[in-house]
Amino acid sequence: MLIVGGGLAAQRCAETLRRGGFEGRLRIVCGEQYRPYDRPPLSKELLAPGADEAFPLFRPAAWYGEHAVELIAGVRASELDHEARRVELADGSALHFDHLVAATGARPRTLPDFAPYANVSTLRTLDDSRRLRELLGEGRRLVIIGAGFIGLEVAAAARAVDAPVAVVELARQPLNGVLGAEVSDLLVRLHRGAGVELFFETEVSEIDGGERVEALTLTNGVRLDVDHLLVAIGIVPDLAWLSSSGLPTSGVPTDLGGRSALPDVYAAGDAAAFYDPFLERHALIGHWEAASRQGAAVARTILGEDPAPAPLSSFWSDQYGMRIQYLGHAALADEVTIEGELDARDFVAHYTRAGQLVAAVIVGRPRAVPELRDRLSYLTEGMSV
Ligand SMILES: Cc1cc2nc3c(=O)[nH]c(=O)nc-3n(C[C@H](O)[C@H](O)[C@H](O)COP(=O)(O)OP(=O)(O)OC[C@H]3O[C@@H](n4cnc5c(N)ncnc54)[C@H](O)[C@@H]3O)c2cc1C
């Protein structure tokens, strides 16, 4: 059993295999030098001052020995030779497999115009997060390109240490408007109220600087001084190692059990495009719950167990001490109704399509989550609106 990629999906897959009685050899090849760790804290609590020693590892080192999980850390897979049932690694070695799981996650999208500059970064790894925390602690002026969840969480973390921050977004609203005008406007009010400069419907037209970006001019004419620039404009599956395998590198399409088109090759997590029975297509998700459940789903398939139901699309975000929980497919909605008080941070936003609930955003009401999950569970089955 060979799992390539040592993140959440890989960890869940290994744990579920061992718990289910899998007794074969089990190896995880992990591109980073660390044992599998959790990413959501990287843009949240790990950016707070004093988080220097925090390390969000899933399991202590001893767990891997106790469960006979061999970790090969700090080396990336470079190629799959499916016919030979072999994965080549960047250090020139190769590993054979009977079953292979592609769980290499995603990498941040970048902007080629910023490639030459030294003070530009993205946020995906623990090392990225640590570097960013240092910069924020020094009070550097941060400009963030992209008002998605990661951009907004970093903006909130920057304001928590009084670092000046501006966010530049091409769309009209944060999160691409997916959560509707009411919730988007609340986010805008929160961030502006905390001192974040937010610019929508604009992009960078001019970059000033030599080795470092010194200032940016936006298409709306605004000029921003820059100490550090964070590009947070989404992710793409990290699948270059599959380029000669015949599998698409834009996300490995799988069935509900995580099987790819190649025999004995599975995929899970941000690298996978699991079949969504509700949307009736393969879908890249890019969120925690899906990666966890897909890792477990692949293990169940290998163990010969029935597939679990497809995960409900969901994510959460923490900004200014406010937890935002999201369930379902808000993009399908034709109406949004708010129950509760937006500005009191105590509400449920119901997203409906022809009167039927298709998504919900929950803030300050964690006890509403199980019931809403229940009402939305039909989205994990093969019914279409
Ligand atoms: C900063 C941040 C905050 C987030 N916050 C939230 C949140 O609040 N809520 C939410 O739902 N989701 C959140 N997410 C998303 C969530 O963390 C991911 O969906 C999840 O980590 C995906 O797990 P994965 O195992 O597929 O990929 P990853 O966790 O990315 O793990 C993949 C691993 O594979 C390694 N790898 C890549 N290529 C190779 C190779 N060729 N060979 C070997 N190893 C390789 C990578 O280095 C990495 O260690 C956040 C993500 C980030 C980055």
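Since we're looking at a predicted model, the values are computed, not measured.

This part takes up the sheet that holds strand β22 (residues 314–319). Taken in spatial order, the 5 strands line up as β22-β23-β26-β25-β24 in an open sheet, and their pairing is antiparallel. Unpaired on one side and paired on the other, β22 and β24 (335–341) mark the two borders of the sheet. Within the sheet, the average angular offset between the axes of one strand and its neighbour, ignoring direction, is 15 degrees. In this structure, β24 lies alongside strand β25 (residues 346–353), joined through 7 bridges in antiparallel fashion.

Quick look at the side chain of Gln-319 now. Note on placement: Gln-319 falls in strand β22. Of the polar contacts made by the side chain of Gln-319, one reaches the side chain of His-191; its length is 2.8 Å. Here Ser-317 takes part through its side chain, which lies 3.0 Å from a polar atom of the side chain of Gln-319. Setting aside residues no more than four positions away along its own chain, Gln-319 makes contact with Phe-149, Leu-152, Glu-153, Ala-156, Leu-187, His-191 and Ile-324.

According to the domain assignment, the protein chain contains domain 1 (2–107 + 235–303), domain 2 (110–231) and domain 3 (321–380). Averaged C-alpha coordinates put domain 1 and domain 2 at centres separated by 30 Å. Taken residue by residue, the interface counts 21 residues in domain 1 and 13 residues in domain 2. By the criterion of area lost to domain 2, the three top residues of domain 1 are Leu-42, Ser-43 and Leu-47, representing 38% of everything that side buries. Taken together, the connections running from domain 1 to domain 2 amount to 2 salt bridges. A salt bridge links Arg-124 to Asp-270, with the nearest nitrogen and oxygen atoms 2.9 Å apart.

Further remarks concern the environment of Arg-293. Secondary-structure assignment places Arg-293 in helix α6 (residues 288–303). Taking relative accessible area as the criterion, Arg-293 reaches 42% and is therefore assigned partly exposed.

Right, let's get into unusual backbone geometry. In the Ramachandran plot, Ala-68 falls in the positive-phi region, its phi being about 50 degrees despite a non-glycine side chain. With respect to the element layout, Ala-68 can be found in the loop between α2 (61–66) and β3 (69–73). Classification of Ala-68 by relative accessible area gives partly exposed; the value is 45%. In the Ramachandran plot, Glu-280 falls in the positive-phi region, its phi being about 55 degrees despite a non-glycine side chain. Within the fold, Glu-280 resides in the loop between β20 (272–276) and β21 (281–284).

Glancing now at the environment of Val-143. Position of Val-143 among the secondary structure elements: in strand β10 (residues 142–145). Along the primary structure Val-143 and Val-167 are separated by 24 residues, whereas in three dimensions their C-alpha atoms are 5.8 Å apart. Ignoring anything within four residues of it in the chain, the contact list for Val-143 reads Ala-166, Val-168, Leu-216, Leu-224, Asp-225, Val-226, His-228, Leu-229 and Leu-230.

Turning our eyes to something else, we now look at the pairing of strand β23 (residues 322–328). In terms of residue burial, β23 counts as a mostly covered element, since 5 of its 7 residues are buried. Here 6 bridges tie β22 to β23, and the two strands are oriented antiparallel to one another. Bridge pairing in β23 places Phe-315 opposite Tyr-326. In terms of strand pairing, β23 meets strand β26 (residues 356–363) through 5 bridges, oriented antiparallel. Within β26, the position partnered with Gln-325 by the bridge is Ile-362.

With that settled, the discussion passes to the site of the ligand. Around the ligand there are 34 residues in total, and Glu-32, Arg-39, Lys-44, Arg-124 and Asp-270 lie nearest to it. Take Leu-8: an N or O atom from its main chain is 3.1 Å from an oxygen atom of the ligand. The protein chains hide 95% of the 1,000 Å² of surface that the ligand would expose on its own. Split by residue class, the shell around the ligand holds 17 nonpolar, 10 polar and 7 charged. Split by domain, the residues of the shell around the ligand number at least three in each of domain 1 (2–107 + 235–303) and domain 2 (110–231).

In this section: the packing of aromatic side chains. To describe a pair of aromatic rings, you give the distance between the ring centres and the angle between the ring planes. Scanning all chains against the criterion turns up 8 aromatic pairs. Ring centres of Tyr-34 and Phe-55 lie 5.2 Å apart, and the angle between their planes is 80 degrees; on these two criteria the pair is classed as edge-to-face. Taken together, the residues span a long stretch of sequence, with Tyr-34 in the loop between β2 (26–30) and α2 and Phe-55 in the loop between β2 and α2 at a distance of 21 residues. Put simply, the rings of Tyr-34, Tyr-37 and Phe-55 pair up and form one aromatic cluster. The ring of Phe-58 has Arg-12 sitting right over it, with the charged end atom 5.6 Å from the ring centre. Over the ring of Phe-55 we find Arg-130, and its NZ or CZ is 5.1 Å from the ring centre.

The next thing to look at is the sheet that holds β21. One open sheet holds the 3 strands; their spatial order is β18-β20-β21, and the pairing between them is mixed. Since the sheet does not close on itself, it has two edges, and those belong to β18 (252–254) and β21, each with one partner. Adjacent strand axes in the sheet meet at a mean angle of 35 degrees, parallel and antiparallel pairs treated alike. Two elements, β20 and β21, share 4 bridges in a ladder whose sense is antiparallel. Across the sheet, residue Tyr-275 finds its bridge partner in β21, namely His-282.

About the criteria used
- Starting from 1, residues in each chain are numbered consecutively following that chain's sequence as written.
- For this predicted model, a pLDDT threshold of at least 70 governs which residues receive local features, and a threshold of 80 or more governs which side-chain atom pairs are given and counted, while totals over whole chains, interfaces and linings are taken from all residues.
- Water and hydrogen atoms play no part in the side-chain values, which are based on all heavy atoms of the structure.
- Note on pairing: DSSP must find at least two bridges between two strands before they are called paired.
- In this text, helices come from DSSP runs of H or I with a minimum length of four residues, and strands from runs of E with a minimum of two, each type numbered from the N-terminal end.
- Fitted lines through C-alpha atoms give the axes, limited to the stretch in contact for helices. The angle between two N-to-C directions lies from 0 to 180 degrees.
- Under this definition, polar contacts are N or O atom pairs within 3.5 Å; protein pairs additionally need one hydrogen-donor-capable and one acceptor-capable atom, and for neighbouring residues in sequence, both atoms have to be side-chain atoms.
- Note on contacts: a residue pair qualifies if any of its non-hydrogen atoms lie within 4.5 Å across the two residues.
- Just so you know, the domain bounds were taken from an automatic or database domain assignment.
- Each of two parts loses accessible area, computed with a 1.4 Å probe, when they are put together; buried area is these two losses added.
- The salt bridge definition used is simple: a Lys or Arg side-chain nitrogen within 4 Å of an Asp or Glu carboxyl oxygen.
- Exposed residues in this analysis have more than 50% of their type's maximum accessible area, buried residues have under 20%, and partly exposed residues fall in between, with area computed by a 1.4 Å probe over protein chains only.
- Any residue with a heavy atom positioned within 4 Å of a molecule or strand is treated as near that molecule or strand.
- For every accessible area listed, the method is Shrake-Rupley and the probe measures 1.4 Å; residues are considered covered only by the protein chains on display.
- Residue type decides the class: Asp, Glu, Lys and Arg count as charged, Ala, Val, Leu, Ile, Met, Phe, Trp, Tyr, Cys and Pro as nonpolar, and the leftover types, Gly among them, as polar.
- Two aromatic rings from Phe, Tyr or Trp, using only the six-membered ring of Trp, form a pair when their centres are within 6.5 Å; if the ring planes differ by under 30 degrees the pair is stacked, by over 60 it is edge-to-face, and anything between is tilted.
- Whether a charge sits over a ring depends on NZ of Lys or CZ of Arg being within 6 Å of the ring centre and within 35 degrees of the ring normal.

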